[in-house]
Amino acid sequence: MSSVLQGFTKSLAMTFVSEIGDKTFFAAAILAMRYPRRLVLAGCVSALIVTTILSAAIGWAAPNLISRKWTHHITTLLFFGFGLWSLWDGFTEEGGDSDELAEVEAELDSDLKANNGKTTKDNSKIEDENKKKQKRPFLTQFFSPIFLKAFSINFFGEFGDKSQLATIGLAADENPFGVVLGGVVAQLVCTTAAVIGGKSLASQISERIVALSGGMLFIIFGIQSFLTSVEA
């Protein structure tokens, strides 16, 4: 039980500080301003839950491919590496706390303009469009296009992200069930805050403070992991 609780608390803290100012957080906030919140929240949370479970599964399987001693050392190095990376980002940030927000907003705006352009061109072909709707992609027959948009943005946005790699490392060293539970709770809290708070909340978040806080947390986890290996 204690191992589950330890994995839960570590994952909860790590995911929260990693996601609170991440691209997926800003994407959820902006999407919620343009589309129904319930669909955006459902799509974002579903994607983040799936990526958390996949990451934890990879971390859980890692000790079966590599010795637990080596996975523990790799996890320790990951924590220190991510900690120094986050601290570097925090100290070198030049007052551009909304840079990531602006970047995400620009990407979504370009996507929206592209979709609007297609819609304008297709207005003269309403009958053809109606026929296409009857033959629309398989997934859109069961899920809302807005849900799928929010899901895909968050799902692919998480791949290769620092938080995903850290989750893999954490699940290799801690109870994977606790890691998944903590990650899901943190993702739910962060995404709900982004969807409800909207752009006003996102624009007030200091990326520098988030980066420094996350860096310190990763360093603490790294020290704890190193001391555990020394004791072992």
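From a predicted model like this one, the values you see are computed outputs, not experimental measurements.

1. Digging into the pattern of salt bridges
A complete count under the given rule lists 1 salt bridge for this structure. Between K10 and E174 there is a salt bridge, with the nearest N and O atoms lying 3.0 Å from each other. Separated by 164 residues along the polypeptide, K10 in helix 1 (residues 2-19) and E174 in the loop between helix 8 (162-173) and helix 9 (176-204) bring together distant segments of the chain.

2. Describing the packing of aromatic side chains
When we look at a pair of aromatic rings, we describe it by the centre distance and by the angle of the planes. Using the criterion set out here, one finds 8 aromatic pairs in the structure. Between F25 and F26 the ring centres are 5.9 Å apart and the planes differ by 80°, which places this aromatic pair in the edge-to-face class. Note on accessibility: F25 and F26 belong to one class, buried. A ring pair is formed by F147 and F151, whose centres lie 6.3 Å apart and whose planes are at 25°; its orientation type is stacked. Of this pair, F147 and F151 both sit in helix 7 (residues 145-158), separated by 4 residues, roughly a single helical turn. Since its relative accessible area comes to 13%, F147 is described here as buried.

3. Re the side chain of S55
Relative to the elements of secondary structure, S55 occurs in helix 3 (residues 37-65). Look at S55 and you get buried, because its relative accessible area is 1%. The residues contacting S55, other than those within four sequence positions of it, are Q164, T167 and I168.

4. What about the UniProt feature "transmembrane region" (unreviewed entry) in the protein?
Here the UniProt feature "transmembrane region" (unreviewed entry) sits at residues 39-58, 70-88, 138-157, 177-197 and 209-227. Helix makes up 100% of residues 209-227 and strand 0%, with an end-to-end C-alpha separation of 27 Å.

About the thresholds
Residues numbered from 1 in each chain as written. Predicted model: local features only at pLDDT ≥ 70, side-chain atom pairs only at ≥ 80, totals over all residues. Heavy atoms only, no water. Salt bridge = Lys/Arg side-chain N within 4 Å of Asp/Glu carboxyl O. Helix = DSSP H or I, 4+ residues; strand = E, 2+ residues; numbered from the N terminus. Phe/Tyr/Trp six-rings, centres within 6.5 Å; stacked < 30°, edge-to-face > 60°. Buried < 20%, exposed > 50% of the residue type's maximum accessible area, 1.4 Å probe, protein only. Contact = heavy atoms within 4.5 Å. UniProt positions renumbered as here; feature names shortened; annotations may be inferred.

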